[in-house]
Amino acid sequence: FHSNSEPNNTTEHYLQKVPLIWSKVEEATLAVKKGEQSFRFTSQTDFSPAATNYSFNANGNVVFAGYGIEETTNGGFKNKILLRAKGYPGMGDTLSNGHQKYNSLTERELANIKNNFAREAGASVILEFDPENPTFHLPADNDQKDYAEKELSKRSSGIYKRAVRRSGTELGNTPPIFKVSHRVVEALFPEWQKELSKYTTIAK
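Below, the structure is looked at part by part. Being a predicted model, the structure only gives us computed values, none of them experimental. (Residues numbered from 1 in each chain as written. Predicted model: local features only at pLDDT ≥ 70, side-chain atom pairs only at ≥ 80, totals over all residues. Heavy atoms only, no water.)

### Here's the deal with unusual backbone geometry
Unlike most non-glycine residues, glutamine 44 shows phi in positive territory, near 70°. Its place among the elements puts glutamine 44 in the loop between β3 (37-41) and β4 (47-48). Even without being a glycine, asparagine 79 presents a positive backbone phi close to 60°. Among the secondary structure elements, asparagine 79 is positioned in the loop between β5 (62-64) and β6 (81-85). (Helix = DSSP H or I, 4+ residues; strand = E, 2+ residues; numbered from the N terminus.)

### As for the sheet that holds strand β7 (residues 125-129)
Strand order in the open sheet formed by 5 strands is β4-β9-β7-β6-β5, and the pairing between neighbours is mixed. If you trace the sheet from one side to the other, it starts and ends with β4 and β5, each paired once. Across 3 bridges, β5 lies against β6 in parallel orientation. Residue pairing across strands places phenylalanine 64 opposite leucine 83, the latter belonging to β6. Relative to β6, helix α2 (residues 107-120) is tilted by about 155°, and along the sheet it contacts β6, β7 and β9 (177-180). (Pairing = 2+ DSSP bridges. Contact = heavy atoms within 4.5 Å. Axes fitted to C-alpha atoms, helices over the stretch in contact; angles between N-to-C directions.)

### Observations concerning the pairing of β9
The side-chain alternation of β9 yields one buried face, formed by Phe178 and Val180, and one unburied face, formed by Ile177 and Lys179. Pairing geometry for β4 and β9, over 2 bridges, is antiparallel. Residue pairing for β9: phenylalanine 47 is matched across the bridge by valine 180. Where β7 and β9 come together, 3 bridges link them in parallel fashion. Bridge pairing links leucine 127 to phenylalanine 178 in β9. (Buried < 20%, exposed > 50% of the residue type's maximum accessible area, 1.4 Å probe, protein only.)

Keep in mind that these numbers describe shape and distance, not what the molecule does.
Given below as structure tokens:
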């Protein structure tokens, strides 16, 4: 069978153009001054830059906020930099109040609760660390492989090096959030583990 007619390209009727904004962090620095001592930290080694739609320069005192959940803090965060631990008080203890209250939440739902508290408390910036991990992300076995042998995922593909959102939409009004390593936390509060244990006691 032979036909000279052009095929009907119906797919063009189902395509819709969506304008996107593709952004990335050009430069990020994090410095800590404590008395006469000064520390400078490296992006992607000691901290992960915050996702924002604007450039900013934030200076201020850092307040240790435990897990950054309202019932375990004493306030005093107005225009301060809030340092909080990932998770919630009583994690791993099935009998704790924290476990009963927060264990059923997804990571995003818990983050929303903590971010809303930080915003309402007036914090200017959030620094977050993982008490169980000295870095700010868990390396996977996949990270050790040559690039050609990697199974591509959202993390390994490099998509998180840039942020994509629809044109006309703005990021939320949550204070900028930096993920930081234990090196940063120890520079700020050398006895952070002792301080954090107080919040676990409160949760019980």
